[in-house]
Amino acid sequence: MTDDSQNVQNTMWGGRFAAGPDAIMEAINASIGFDKRLAAQDIAGSRAHAAMLAATGIITDSDAEAIREGLLTVLSEIETGTFQFSTALEDIHMNVEARLKEIIGEPAGRLHTARSRNDQVAVDFRMWVRDQCDAVDAALVRLLHACLAQAEAGADRVMPGFTHLQVAQPVTWGHHMLAYVEMLGRDRSRFADARIRMNESPLGAAALAGTSFPIDRQMTAQALGFDRPAANSLDAVSDRDFALEFLGAASICAMHLSRLAEELVIWSSAQFRFVTLSDRYSTGSSIMPQKKNPDAAELIRAKIGRILGATVSLFTVMKGLPLTYSKDMQEDKEQVFDAADSLMLALAAMDGMLRDLTANTAALEAAAATGFSTATDLADWLVRSLNLPFREAHHITGALVAMAEARGCDLPELPLADMQSVHGGITGAVFDVLGVHNSVASRTSYGGTAPVRVREQVARWKETLG
């Protein structure tokens, strides 16, 4: 470290230290390599703080105006890429303040009156996470519209529904896509709910105990778009629940994306051929020219590992910290930044994949008719038409499935006489329920797979999303 950087450090830390830290301490202590992402929030917070200091008479209007103009200059330099970040200045707060002093001189030293880096970083980080909640919400809305477009286009398209990855009952493509609409809708509500809770301003809590200056915390909270100031100064500077909630919601959302990605990987395989992915979201093989790999889906599937890892990491950092601020909390940001970036990329990639995806109707319908998928329809028919107890109907249906399996055919291909050998009350009307289209059309209960219900749900969601 140069003598100049030591002097800078000593200036920022005050007269307590006779010498600056060595290179190792600087490396472990500095956060500017990642927290420079908070620049816009840091400058917004400082501008609000300076305006409040002037309004309450703590600093002069002329000093506040100089600070305001100087901060705008700093922001412009950062946005245009001309700002020189310094590791010796540790973090975004000190980098901004040092440059502000170079621009406006002595008034810059008044900006930090009645605040600490503890409440400063808390408000910056909270604002950044709040902005990410809004960005994720917008991305989720776009993805929801992509899912709804698929659902509407496939309201009548029949496909197999699975349990244990075994063919269970026929469903519609639209119904399957709407399942993800419900998941992503819950994701939106989780981010929105977390945003409400995090919308309290820590600014003015100072280091941990508040301040003796006559500040107006309502004013700065309002200026920064918060609903209210945080009510306890100790909690205000030490709380990272907002980041944990964001990561929790992000982990659940990434899990949903991973499930859909897994299905796209399976469905696009040669064994299924349910869907065709566009070339824009696929890659080839370096050695096998016939390959078309669903790499985008696989990478989306993997993102949950990074995002959940970030969640566990921050929980581990926070779990043993006494009140209030500890330097451990510097480790809160990189994980959140990475998780937010990963989630936004996964959402955008999934949106693009779904908009370009082609569902192969013939393959889907053929698969829907396999595996005795209308067996439940047969059992239901026996209950309705012959007034049999469901357990008896289930037993009869099982015998008919075993008969069809032994003959290498599906239920609709069994002769009526053979069905009647199992139960004499069966009539030719049974064949009306054994086709996959008849099966899905009959599932008209609320939330069911019938095309009429799918279209109702699509309309409801379109109205919800606007």
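Residues numbered from 1 in each chain as written. Predicted model: local features only at pLDDT ≥ 70, side-chain atom pairs only at ≥ 80, totals over all residues. Heavy atoms only, no water.

**Q** Account for the state of the cysteines, naming residues and giving values.
**A** On inspection of all chains with the given rule, the structure shows 0 disulfides. Free cysteine: cysteine 253, not disulfide-bonded; nearest cysteine sulfur from cysteine 147 at 11 Å. On the basis of relative accessible area, cysteine 253 is assigned to the buried category, the value being 0%. (Disulfide = S-S within 2.5 Å. Buried < 20%, exposed > 50% of the residue type's maximum accessible area, 1.4 Å probe, protein only.)

**Q** Please provide a residue-by-residue account of helix H11 (residues 241–267), values included.
**A** End to end, H11 covers 39 Å across 27 residues, agreeing with the expected 39 Å (1.5 Å per residue, within 8%). A large share of H11 lies buried, amounting to 20 of its 27 residues. (Helix = DSSP H or I, 4+ residues; strand = E, 2+ residues; numbered from the N terminus. Expected span 1.5 Å × (residues − 1).)

**Q** Outline the environment of histidine 93, listing residues and values.
**A** Assignment of secondary structure puts histidine 93 in helix H6 (residues 92–104). Residue class for histidine 93 comes out buried when judged on its relative accessible area of 4%. Between the C-alpha atoms of histidine 93 and alanine 149, which are 56 residues apart in sequence, the distance is 46 Å.

**Q** Provide a residue-level description of the side chain of glutamate 90, including the pertinent values.
**A** Position of glutamate 90 relative to the elements: it lies in the loop between helix H5 (61–80) and H6. Separated by 3.1 Å, the side chains of glutamate 90 and arginine 117 make a polar contact. (Polar contact = N/O pair within 3.5 Å; in protein donor to acceptor, adjacent residues only side chain to side chain.)

**Q** Please set out unusual backbone geometry residue by residue, giving values where relevant.
**A** For the bond running from leucine 323 to threonine 324, omega is 10°, close enough to zero to count as cis. Mapped onto the secondary structure, threonine 324 falls in the loop between helix H12 (295–318) and helix H13 (333–356). With a phi angle near 60°, leucine 165 is a residue other than glycine that sits in the positive phi range. Summarising the element assignment, leucine 165 is placed in the loop between strand S1 (158–163) and strand S2 (166–172). With a relative accessible area of 54%, leucine 165 lands in the exposed category. At alanine 206, a residue that is not glycine, the phi angle is positive and equals roughly 60°. Position of alanine 206 among the secondary structure elements: in the loop between strand S3 (200–201) and helix H9 (217–223).

**Q** Run through the pairing of S2, naming residues and quoting values.
**A** Within a regular strand, side chains alternate between the sheet's two faces. The pairing of S1 with S2 spans 6 bridges and is antiparallel. Across the sheet, residue valine 158 finds its bridge partner in S2, namely threonine 172. (Pairing = 2+ DSSP bridges.)

**Q** Residues and numbers for the pattern of salt bridges, please.
**A** A side chain of one charge can pair with a side chain of the opposite charge if their charged atoms are brought near each other. One pass over the full model with this rule turns up 29 salt bridges. For arginine 197, the salt bridge is made with aspartate 193, and the minimal N-O distance between the two is 2.9 Å. Of this pair, arginine 197 and aspartate 193 both sit in helix H8 (residues 173–198), separated by 4 residues, roughly a single helical turn. On the basis of relative accessible area, aspartate 193 is assigned to the partly exposed category, the value being 38%. The partner of arginine 306 in a salt bridge is aspartate 338, and the shortest N-O contact between them spans 2.4 Å. Of this pair, arginine 306 sits in helix H12 while aspartate 338 sits in helix H13, and the two are 32 residues apart along the sequence. Assessed through its relative accessible area of 26%, aspartate 338 is described here as partly exposed. (Salt bridge = Lys/Arg side-chain N within 4 Å of Asp/Glu carboxyl O.)

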